[in-house]
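# Structural characterization, general
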Amino acid sequence: MNTMAFSSWNGKIMDNRTTGKGAGKAKKSAEGAFPAQLDGQSFAALMGWNGLVIVDPKADVVALTLAYLKEAKGLSCGECSVCMIGIDRVLDILKKMAAGKGDQHDLGEIEEIVKGVMANGKCNFGRAAALTPVLDAVKYFKADFLALPNAEKKFMEHKDYRSAVTAPCMNACPAALDIPGYIELIRNNKFKESLDLVRDRCILPGVIGRSCTHICEDACVRKDMDGSLAIRLLKRSAADQDLQGGASALTTPKVEKKEKIAIVGAGPAGLAAAYHLRRMGYQVTIFEALPKAGGMAAVGIPDYRLPKDILNHEVDLIKRMGVEIRFNSPVELLNWPDLQKEGYAAAFLAVGAHVGTKIGCRGEEIASDDVVQGAEFLRNLSLGKQAVPVNKVVIIGGGNVALDCARNCIRLGYKHVEIVYRRSPAEMPGSKEEIGEAIHENVKFTYLTAPVGIVRKVGKVAGIECMKMKLGEPDASGRKRPVPIKGSEFTLKTDMVIAATGQKPDLALLTDKEKVDMTTTWGTIKTDPRSCSTAVGGIFAGGDCVSGPATLIEALNMGNKAAKSIDAYLQGKTFADDLIFEGIDVSQQRDMGFVPPTKTGEVKFLEVDERLKGFAEVEGGFNAAAAIKEAQRCLRCYRLMVWQ
Amino acid sequence: MVNISINGQKIRAKEGANVLQEAKDLRIDIPTLCYHNDLTTFGACRLCTVEVKTDGAWKLAASCQTEVAEGMEVLTDSDKVKESRKLAAALLYYKYPGTQAIRDVAEKLGVEVVPTETDSRDCILCGLCTRTCHEIVRADALKFQDRGLGRSLEEPKIEFISPACIGCGSCAYVCSTGFVRMEAVDGKRMIWDKVFKMAVCNNCGRYFAPVEQLEFISRTTGVPVSNLMTCVSCR
Ligand SMILES: Cc1cc2nc3c(=O)[nH]c(=O)nc-3n(C[C@H](O)[C@H](O)[C@H](O)COP(=O)(O)OP(=O)(O)OC[C@H]3O[C@@H](n4cnc5c(N)ncnc54)[C@H](O)[C@@H]3O)c2cc1C
Ligand code: FES
């Protein structure tokens, strides 16, 4: 049973108080209202953008309102005439009331101001969050406000409230970037400040600005109105402007710490951890197996999506802060006692997931260079190995690796490139944009088809035997399971097969004992999801080697977190993670008001015949003016929550 | 062209035009403090509100930021509109009681304004100067410094980037409250906190423009400074 005393969350009033307005009424269930716990912890009272939730009937609503208003004031940008001044005015009225000079009329005035700001605020913070819950407080807790004069001393008392801020886009972003914040800085023509804000949580802004899967854009409040903000491209513009303007350096640490930290793998996770630890003053060494840094961003994502000078520049900045990267230095066995003897105080494993998984068909076990793993194919290309184009190549898989292989093959001069995927287009994990571009570039797609055997003639691949599939019940991933159609076998002629059916981490560096303690049944490293710590004290892990193949921004996020967590570990503090808004629908808000429609900014794409001449970047970016214009579309949907 | 109606009057408006401009063309009085015909709209003062009918419901909208659309219905004088403008004006007056431009609008919109001796000419953050400097002058010497998550700024304000300023005075000209002041004494111009040396016209010998402005024009147009040393009246 939910024991809430009062909730006005999302405008739904639930009043279980035994005194006051709802006295004597039957207790209503709080179903669909606010979760009883916040991030796994109970709370006494909470005020958030979408209402007021009181668990403990003795909670001080007036003090809570004040605490909320103080936080709201800091978030109000102050650009429009109603929001910030409205907050100031309400605070002043409350102060007047506390001094015993207020009455009923003052509450009426507060109500009028709140409604005015909600209807006429410039941004969505003003309309949805700045003052909205105050309306519920003065309406349903009138007596508490009118009793203020007797409580003047209490009113001024400092109370311990916690607060958290998010936005629909921020909440969707794995790294919780302050998206409205950096967009606002772009809007105000402050590209450098914007970039600095991005770098706080995303140290590869140019890379992410090009290759992020941008789930934030799906959460954008404008999505169903006139189209999401081009959040990814705005981030790219901050990075591009900085590069064009001479490239700024990263801040170097203010104090040096003597503790040494070893990081294994210079992918996004390793780099992010290195940056933050170095910024805190730690001595950081990254051991990297390859001659290049960037992990899959260096040896996976192709040049036409991510020009390598962008990545290299961003890696260089991290190196220039004093992070040492030892290239061509694979850690074959992670000998933790030895590393400790060498003076390392903590280690962070970020080895990614580089081993291709098998297709699971006949003839695959025979080693030959016309049947290759997708990730390996891409890695070889990136490391400068010459590919020998053949007439026809079949790529098995439906993810980004398959698409990247296919679009690379087209550019390398393979005549016919065909992707074979066992489910339908709707289930395809590869990004919709990528699929569209691949079709543009003449990649052929065959759906609902699964390979069963590789056909060889005189030792050379001649074809691949396949079966037709139909879709059955959804599987654990929620996607419909492909079911073979009996008797539908056929052979697809091909000279080469690329298997892009997934990757898993290579954990040969762990000892057998560590493998038992530290790994999951999926062959990934087991960690505490918040602190990135493993079963072995001092060893942390993050990125694809923990999550399995995921995304750049998730890897960066784990690097960010691991750095904080390692710092807490070394300083003997408890690690405090950001609040997770679990169970709270951050897209919800009361009336949105009218949003004048504007068009989303568009960028140029390279013509197909130009693309196929080489590996030039396909997608263009915003120039400064276009970025500022797009940034003006941001509604700034900050959501604030204050609780006790 | 699109068909819209303003207060019941049917008109044809140019595509992409904003409702405020269309209403102004019909000589309908809509109060504004942050609008200028030659600049992008900013929607800061919240005084230009109108009611717009969308999806069958009337909603408040800042007319300067609302583009006309086929079939759009607009009300510029409804009770809701008046109420909303009055509240915005009352808040502005609450914050800037000594600024004449604000007192005038507030009074006009029905806010009770008490007499005062002060003439404080506050910056009301309308953004006219920043937009002029960025969009027209292209010097980018003025930028908004606003608050937000993780930024600890007590009062939002306009940041003056001294090295970028060319002393053209456009911001003082466009300022709606007289906050930006420009003064001239003995061949010098003072604006914000910067002092500019004025150039003398080769022809009439009068001071006519800051040297830095001429240098800026020369840099952006490629015309040598020596060719720019004549004032407008003598050209
Ligand atoms: C082809 C391809 C395309 C992709 N496209 C996108 C995309 O568009 N957008 C997106 O968000 N994500 C994309 N991803 C996923 C993304 O690249 C990864 O999720 C991300 O790079 C994971 O980062 P990581 O730091 O965990 O590991 P990685 O990037 O894999 O880096 C791990 C590093 O560790 C090194 N290493 C491994 N073992 C050792 C060892 N024993 N000793 C020393 N060093 C070692 C590796 O050489 C590597 O440099 C793509 C992945 C692939 C394969
Ligand atoms: S003129 Fe429209 S908001 Fe100021």
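Residues take numbers from 1 onward in each chain, read along the sequence in its written order. Chain letters start at A and ligand numbers start at 1, both assigned in the order the entries are written. Reporting of local features is limited, given that this is a predicted model, to residues whose pLDDT is at least 70; pairs of side-chain atoms are given and counted only at 80 or more, and all residues count toward the totals for whole chains, interfaces and linings. Derived side-chain values reflect all non-hydrogen atoms in the structure, with water molecules and hydrogen atoms excluded from consideration.

## Things to note about the side chain of R407 of chain A
All names here are of chain A. To qualify as a helix, a DSSP run of H or I must reach at least 4 residues; to qualify as a strand, a run of E must reach at least 2; elements of each kind are numbered from the N terminus. Mapped onto the fold, R407 is located in helix α19 (residues 400-412). In this structure R407 comes out as buried when scored by relative accessible area, which is 2%. A polar contact is formed between the side chain of R407 and the side chain of E434, at a distance of 3.1 Å. A distance of 2.8 Å separates polar atoms of two side chains, one belonging to R407 and the other to E441. If we ignore the near neighbours within four places in the chain, the residues touching R407 are Y304, R305, E434, E437, A438, E441, R611 and V618. Any residue under 20% of the maximum accessible area for its type is buried, any over 50% is exposed, and the rest in between are partly exposed; the area is computed with a 1.4 Å probe on protein chains only. Under this definition, polar contacts are N or O atom pairs within 3.5 Å; protein pairs additionally need one hydrogen-donor-capable and one acceptor-capable atom, and for neighbouring residues in sequence, both atoms have to be side-chain atoms. Two residues qualify as a contact provided that any one of their heavy atoms is within 4.5 Å of a heavy atom in the partner residue.

## Re the site of ligand 1
All names here are of chain A. Close to ligand 1 lie 32 residues; S211, E288, R305, H354 and D544 are nearest. P268 is positioned with one of its backbone polar atoms (N or O) 3.2 Å from an oxygen atom of ligand 1. Residue assignment for the shell around ligand 1 shows that the elements contributing at least two residues are α14 (268-279), α19 and α23 (552-571). In this classification, Asp, Glu, Lys and Arg are treated as charged, Ala, Val, Leu, Ile, Met, Phe, Trp, Tyr, Cys and Pro as nonpolar, and every other residue, Gly included, as polar. Among the residues making up the shell around ligand 1, the classes are represented as 18 nonpolar, 10 polar and four charged. Domain borders in the structure are assigned automatically or taken from a domain database. Per-domain counts for the shell around ligand 1 show at least three residues from each of domain 3 (260-354 + 505-571) and domain 4 (356-503). Only a single heavy atom is needed: when it lies within 4 Å of a molecule or strand, its residue is near that molecule or strand.

## A short note on the nonpolar core
Residues and elements named next belong to chain A. Residues enter a nonpolar core if they are buried and are Ala, Val, Leu, Ile, Met, Phe, Trp, Tyr or Cys, with the set joined through side-chain atoms within 4.5 Å. In this structure, F34, I54, L131, F145, L349 and M641 are the most contacted members of the largest nonpolar core, which totals 205 residues. Counting residues per element, this core draws most heavily on helix α1 (residues 61-75), at 10 residues. Excluding residues within four positions of it along the chain, I54 makes contact with M4, A5, F6, A44, A45, A59, V61, L64 and F141. Counting 23 residues, the second largest nonpolar core, distinct from the first, contains V372, I435, A438 and F445.

## Considerations on a negative patch on the surface
A contiguous patch of negative charge, built from E112 of chain A together with D77, D79 and E83 of chain B, is present on the exposed surface. Along the chain, D77 of chain B turns up in the loop between β5 (72-75) and α2 (79-95). What makes a patch is a set of residues exposed beyond 30% relative accessible area and free of salt bridges, joined within 9 Å when like-charged and within 5 Å when nonpolar (Val, Leu, Ile, Met, Phe, Trp, Tyr). Computed by Shrake-Rupley with a 1.4 Å probe, the accessible areas treat only the displayed protein chains as cover when residues are assessed. The working definition used for a salt bridge is a side-chain nitrogen of Lys or Arg within 4 Å of a carboxyl oxygen of Asp or Glu. When charges are counted, Lys and Arg are positive and Asp and Glu negative, with His and the chain ends excluded. Charge positions are represented by NZ for Lys, CZ for Arg, CG for Asp and CD for Glu.

## As for the pairing of strand β3 (residues 49-54) of chain B
Residues and elements named next belong to chain B. Here, a strand pair is defined by DSSP locating no fewer than two bridges between the strands. As paired elements, β3 and strand β4 (residues 57-62) share six bridges and run antiparallel to each other. Residue K53 lies in a different strand from β4, and its bridge partner there is W58. Adjacent in sequence and paired antiparallel, β3 and β4 are bridged by two residues, among which D55 carries a positive phi angle near 50°. Both β3 and β5 contribute to a ladder of three bridges, which runs antiparallel.

## Details of the sheet that holds strand β8 (residues 182-185) of chain B
Residues and elements named next belong to chain B. Across the sheet, which stays open at both edges, the four strands sit in the order β8-β9-β10-β11 with antiparallel pairing between neighbours. Looking at which strands have only one partner, the edges of the open sheet turn out to be β8 and β11 (207-210). Averaged over all adjacent pairs, the angle separating strand axes in this sheet is 35°, with direction ignored. Relative to strand β10 (residues 194-200), strand β9 (residues 188-191) runs antiparallel, the two being bridged by four bridges. Residue pairing across strands places K188 opposite K197, the latter belonging to β10. Angles run from 0 to 180 degrees between N-to-C directions of axes, and those axes are lines fitted to C-alpha atoms, restricted for helices to the stretch in contact.

## Some details on unusual backbone geometry
One non-glycine residue with positive phi stands out, namely H214 of chain A, at about 40°. Turning to its location among the elements, H214 of chain A is positioned in the loop between α11 (205-211) and α12 (216-219). Positive phi, normally seen in glycine, also occurs at D186 of chain B, with a value near 35°. Note that D186 of chain B resides in the loop between β8 and β9.

## A look at the pattern of salt bridges
On inspection of all chains with the given rule, the structure shows 54 salt bridges over all chains. A salt bridge links K564 of chain A to D578 of chain A, with the shortest nitrogen-to-oxygen separation between them at 3.8 Å. Placement of the pair is K564 of chain A in helix α23 and D578 of chain A in the loop between α23 and α24 (608-611), with a sequence separation of 14 residues. You can call K564 of chain A partly exposed: its relative accessible area is 36%. The closest approach of N and O atoms between K80 of chain B and E51 of chain B, which form a salt bridge, is 3.5 Å. Residue K80 of chain B is located in helix α2, and its partner E51 of chain B is located in strand β3; the two are separated by 29 residues in the primary sequence. Put simply, R305, D404, R407, R411, E434, E437, E441 and R611 of chain A are held in one network by salt bridges that share partners.

## Quick look at the sheet that holds strand β2 (residues 9-13) of chain B
Residues and elements named next belong to chain B. Ordered in space as β2-β1-β5-β3-β4, the five strands form an open sheet in which the pairing is mixed. Taken across any chain shown, the strands that pair with only one partner, and hence form the sheet edges, are β2 and β4. Averaged over neighbouring strand pairs, the angle between their axes works out to 30° when direction is ignored. Bridging between strand β1 (residues 2-6) and β2 involves five bridges; their strand directions are antiparallel. The residue bridging I6 from the neighbouring strand is Q9, located in β2. Contacts from α2 reach β3, β4 and β5, with the element oriented near 140° to β3.

## Quick notes on the confidence of the model for chain B
Here chain B averages 93 in pLDDT, and 100% of its residues register 70 or above. Across the assembled chains, the prediction reports ipTM 0.91 with pTM 0.93. Think of pLDDT as the predictor's per-residue confidence, scored from 0 to 100.

## Overview of the interface of chain A and chain B
The interface of chain A with chain B comprises 43 residues on the first partner and 37 residues on the second. Each partner contributes to the roughly 3,200 Å² buried at the junction of chain A and chain B, and carbon and sulfur atoms together form 54% of this total. Ranking the residues of chain A by area buried against chain B places I85, N120 and F594 of chain A at the top, with a combined share of 20%. Put simply, chain A and chain B have three salt bridges between them. With a shortest N-O distance of 4.0 Å, D591 of chain A and K59 of chain B are connected by a salt bridge. Of all elements in the fold, only α1, α2 (83-98), α3 (104-120) and α9 (179-187) of chain A reach the threshold of two or more residues within the side of chain A that touches chain B. Looking at the side of chain A that touches chain B, its residues break down into 16 nonpolar, 13 polar and 14 charged. Here the buried area means the combined drop in accessible surface, using a 1.4 Å probe, for two parts upon being joined, counting both sides.

## Brief notes about the packing of aromatic side chains
All names here are of chain A. Working definition: rings of Phe, Tyr and Trp (its six-membered ring) pair if their centres are within 6.5 Å, and the pair is stacked with planes under 30 degrees apart, edge-to-face with planes over 60 apart, and tilted otherwise. Applying the stated rule across the entire model yields 10 aromatic pairs over all chains. Among the aromatic residues, those joined into a ring-pair cluster are F6, Y140 and F141. Counted as over-ring charges are cases with an Arg CZ or a Lys NZ within 6 Å of the ring centre that also lie within 35 degrees of the ring normal. Its guanidinium or amino end placed over the ring of Y282, K257 lies 4.9 Å from that ring's centre, counting from NZ or CZ. Between the NZ or CZ atom of R411 and the centre of the ring of Y304, over which it lies, the distance is 3.8 Å.

## Some thoughts on the domain arrangement of chain B
Residue and element names in this part refer to chain B. Segmenting chain B into domains produces domain 1 (2-108) and domain 2 (128-234). Its C-alpha centre places domain 1 at a distance of 31 Å from the equivalent point of domain 2. Facing 12 residues of domain 1, the contacting portion of domain 2 comprises 10 residues. Taking both sides of the interface into account, the surface hidden between domain 1 and domain 2 amounts to around 880 Å²; carbon and sulfur atoms contribute 61%. Interface area lost by domain 1 to domain 2 is led by L39, T40 and F42, which between them contribute 49%. Joining domain 1 to domain 2, the criterion identifies one salt bridge. Here E155 and K95 are joined by a salt bridge, their closest N and O atoms 2.8 Å apart.

## Focus: the state of the cysteines
Disulfides are covalent bonds that link the sulfur atoms of two cysteine residues. We call a pair of cysteine sulfur atoms a disulfide when they lie within 2.5 Å. Under the criterion given, the structure shown has zero disulfides over all chains. Of the cysteine sulfurs around C77 of chain A, a residue in no disulfide, the closest is that of C123 of chain A, at 5.4 Å.

## Regarding the packing of helix α18 (residues 374-382) of chain A against α19 of chain A
Residue and element names in this part refer to chain A. Close contact between α18 and α19 brings their axes to 9 Å; oriented N to C, the two are set at 45°. The angle between the axes of α18 and α19 places the two elements in the oblique class. The two elements α18 and α19 cross, and the hand of that crossing is left-handed. Along the contact surface, α18 presents G374, A375, F377, L378 and L381, while α19 presents V401, D404, C405, N408, C409 and L412. Its residues assigned to classes, the contact of α18 with α19 comprises eight nonpolar, two polar and one charged. Angle categories: roughly parallel below 35 degrees, roughly antiparallel above 145, roughly perpendicular from 65 to 115, and oblique for all the rest. Handedness of each helix crossing follows the sense of rotation of the near helix against the far helix: counterclockwise by less than a right angle gives left-handed, clockwise gives right-handed.

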